Amino acid sequence: MKILVTGGAGFIGSHTVVELMAEGHEVAVVDSLVNSSALVIPRLEAITGKAVPFYKADIRDKESMEKIFEAERPDAVIHFAGLKAVGESVRLPLEYYENNIGGTIKLLEVMRKAGCKNIIFSSSATVYGDPAIIPITEECPKGTCTNPYGWTKSMLEQILSDIQFADPEWNVVLLRYFNPIGAHESGTIGENPSGIPNNLMPYITQVAVGRRDVLHIFGNDYDTPDGTGVRDYIHVVDLARGHVAALKKMEPGSGLSIYNLGTGIGYSVLDIVHSFEEATGVKVPYVIDERRPGDVAVCYSSADKAHRELGWKAEYDITRMCRDSWRWQSMNPNGYGDEDMG
Ligand code: NAD
Ligand code: UD1
């Protein structure tokens, strides 16, 4: 199949391009580079040994997107493009709603006009809010999000469901990611946060590489075995393969499907610090700070539905996740280099 990957220069998108091409799919990437580097594309070409068609375009720019659809005629879209910094979304809600929701609506209009009605959407475990059931199954009701970023995911799920309901020619897969970490084994592509990392693993690797002094652990008084927050960390390559599996199951009439993509295993912040130290031999000094507003105590998936219906399950363990995160960070201490962003 020919797949248009929006946000394909980003962390998860770039890894998904590799896995799609490994399965024989043709790929084209659209990315505005608002949160990624053009250097990703030659690195993808080095990994895959093939050309990766790349369009520097914003999904909100309908004219450019129409031209891309005419040139590429994709069978399906995997839609990663979006802004994802939780704290920033609290400061800039209008920008987040406009980019994530406005951008997706424009993309859907262009898709409909082009007659391409197959889409896989990057959603998040954040739509469960403070989860009513642990482990979280897809039947768990959606909850109250704690920030505008989370609401963009929750609202886009609703918009995509409504569009599919109104026109059954649409095939929509909502993938709810848990906590992606790790990197491609080559160490040449990985997560490249701008500024102070929001997420745990990039913060740990930046402490380990000497860019930051100490990890701040946000609270050790949660109702968890060691008091620190518990999450479901998943290797980004496993996550990427989840998209390939979802694509394989997409066929005319498959309708709306929702899958958690996680491992089903919960690790605390301290578990991750210790696993990282054991896997890499590098010490991670930490201090205990206040809880971060909006954090929940425990969030991990039941990954059974994706296993049952897609034949997919995560393969890489926490040691592998830590090693691959560290390989990427130590080979690229400054990510792709800040001067290349945008
Ligand atoms: P990322 O920032 O690395 O990738 C997103 C890409 O989209 C970037 O390359 C950015 O330049 C691009 N982009 C943003 N707005 C755009 C626009 N209007 N037009 C074109 N390109 C645009 O983030 P990621 O971690 O790879 O996440 C990919 C998707 O998965 C996002 O939608 C994110 O919200 C979602 N998600 C991520 C996580 C996570 O922990 N990383 C968890 C759940 C869901
Ligand atoms: C966060 C976002 C969520 C988003 C997800 C992926 C919040 C409230 N939630 O989820 O909306 O979908 O990232 O981008 O921001 N931690 C520390 N120190 C740090 C960083 C994190 O102790 O410097 C702890 C957190 O308190 C948490 C765990 O590590 O217990 C994981 O945090 P993080 O990587 O930010 O992911 P989530 O909070 O699950």
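Because the structure is predicted, anything quoted here is derived from the model rather than measured. (Residues numbered from 1 in each chain as written. Chains lettered and ligands numbered in written order. Predicted model: local features only at pLDDT ≥ 70, side-chain atom pairs only at ≥ 80, totals over all residues. Heavy atoms only, no water.)

1. Comments concerning the site of ligand 2
So, step 1. Around ligand 2 there are 20 residues in total, and Leu200, His216, Arg231, Arg292 and Asp295 lie nearest to it.
So, step 2. In this structure, Asp295 approaches ligand 2 through a side-chain N or O atom, which is 2.6 Å from an oxygen atom.
So, step 3. For ligand 2, whose free accessible area comes to 740 Å², the fraction covered by protein is 90%.
So, step 4. Contributions of two or more residues to the shell around ligand 2 are made by α7 (200-208) and β8 (215-218).
So, step 5. Here the shell around ligand 2 gets four residues from one element, more than from any other, and that element is β8. (Near = heavy atom within 4 Å. Polar contact = N/O pair within 3.5 Å; in protein donor to acceptor, adjacent residues only side chain to side chain. Areas by Shrake-Rupley, 256 points an atom, 1.4 Å probe, with all protein chains shown as cover. Helix = DSSP H or I, 4+ residues; strand = E, 2+ residues; numbered from the N terminus.)

2. What to know about empty space enclosed by the protein
So, step 1. According to the stated counting rule, one finds three cavities of 30 Å³ or more in the structure shown.
So, step 2. Of the volumes computed, that of the largest cavity is approximately 90 Å³.
So, step 3. Residue lining of the largest cavity: Phe11, Ile181, Gly182, Glu191, Met201, Pro202, Thr205, Ser325, Trp328 and Gln329, and that is the complete set.
So, step 4. Classifying every residue of the lining of the largest cavity by side-chain character gives five nonpolar, four polar and one charged.
So, step 5. In this structure, the second largest cavity spans a volume of roughly 60 Å³.
So, step 6. Forming the walls of the second largest cavity are 11 residues, and the residues nearest its centre are Glu191, Asn192, Pro193, Arg211 and Gly335.
So, step 7. Class assignment of the residues belonging to the lining of the second largest cavity gives a composition of two nonpolar, six polar and three charged. (1 Å grid on protein atoms, 1.4 Å probe; cavity = no way out; pocket = protein on both sides within 12 Å on 5 of 7 lines; lining within 4 Å. Points joined across faces, edges and corners; volume = space filled by probe spheres on them. Nonpolar A, V, L, I, M, F, W, Y, C, P; charged D, E, K, R; others polar.)

3. Let's talk about the nonpolar core
So, step 1. Core analysis: the largest hydrophobic core is formed by 42 residues, its most contacted members being Val17, Leu20, Leu44, Ile120 and Leu175.
So, step 2. Sorting elements by how many residues they give to this core places helix α8 (residues 236-249) first, with seven residues.
So, step 3. If we ignore the near neighbours within four places in the chain, the residues touching Leu20 are Ile3, Val5, His25, Val27, Ile78, Val244 and Leu247. (Core = buried A, V, L, I, M, F, W, Y, C linked by side-chain atoms within 4.5 Å. Buried < 20%, exposed > 50% of the residue type's maximum accessible area, 1.4 Å probe, protein only. Contact = heavy atoms within 4.5 Å.)

4. Let's talk about the packing of helix α1 (residues 11-22) against α8
So, step 1. For the pair α1 and α8, the least separation of the axes is 8 Å and the interaxial angle reads 60°. In terms of orientation, α1 lies oblique with respect to α8. In this structure, the crossing between α1 and α8 has a hand that is right-handed. Residue-level contacts link Phe11, Ile12, His15, Thr16, Glu19 and Leu20 of α1 to Val236, Val237, Leu239, Ala240, Arg241, His243, Val244 and Leu247 of α8. (Axes fitted to C-alpha atoms, helices over the stretch in contact; angles between N-to-C directions. Parallel < 35°, antiparallel > 145°, perpendicular 65-115°, else oblique. Left-handed = near helix turned anticlockwise from the far one by under 90°.)

5. Digging into the site of ligand 1
So, step 1. Close to ligand 1 lie 27 residues, the nearest being Ile12, Asp31, Asn35, Ser36 and Tyr149.
So, step 2. Gly10 places a polar main-chain atom, nitrogen or oxygen, 3.3 Å from an oxygen atom of ligand 1.
So, step 3. Between Phe80 and ligand 1, the recorded distance is 2.8 Å, taken from a backbone N or O atom to an oxygen atom.
So, step 4. Those elements giving two or more residues to the shell around ligand 1 turn out to be α1, β5 (118-124) and α6 (148-166).
So, step 5. At three residues, β5 tops the list of elements feeding residues into the shell around ligand 1.
So, step 6. Looking at the shell around ligand 1 residue by residue, the class counts come to 12 nonpolar, 10 polar and five charged.

6. Concerning helix α3 (residues 62-72)
So, step 1. All of the buried residues along α3 are Met65, Ile68, Phe69 and Glu72. Each buried residue of α3 sits inside an arc of 100° when the element is viewed along its axis, so together they form one side. Facing away from the buried side of α3 by over 90 degrees, the exposed positions are Glu63, Lys67, Glu70 and Ala71.
So, step 2. Buried-residue contacts for α3 involve β1 (2-6), β2 (26-31), β3 (54-56), β4 (76-79) and α5 (93-114).
So, step 3. Arg73 sits one or two residues past α3 and shows a positive phi near 45°. (Arc of directions from axis to C-beta.)

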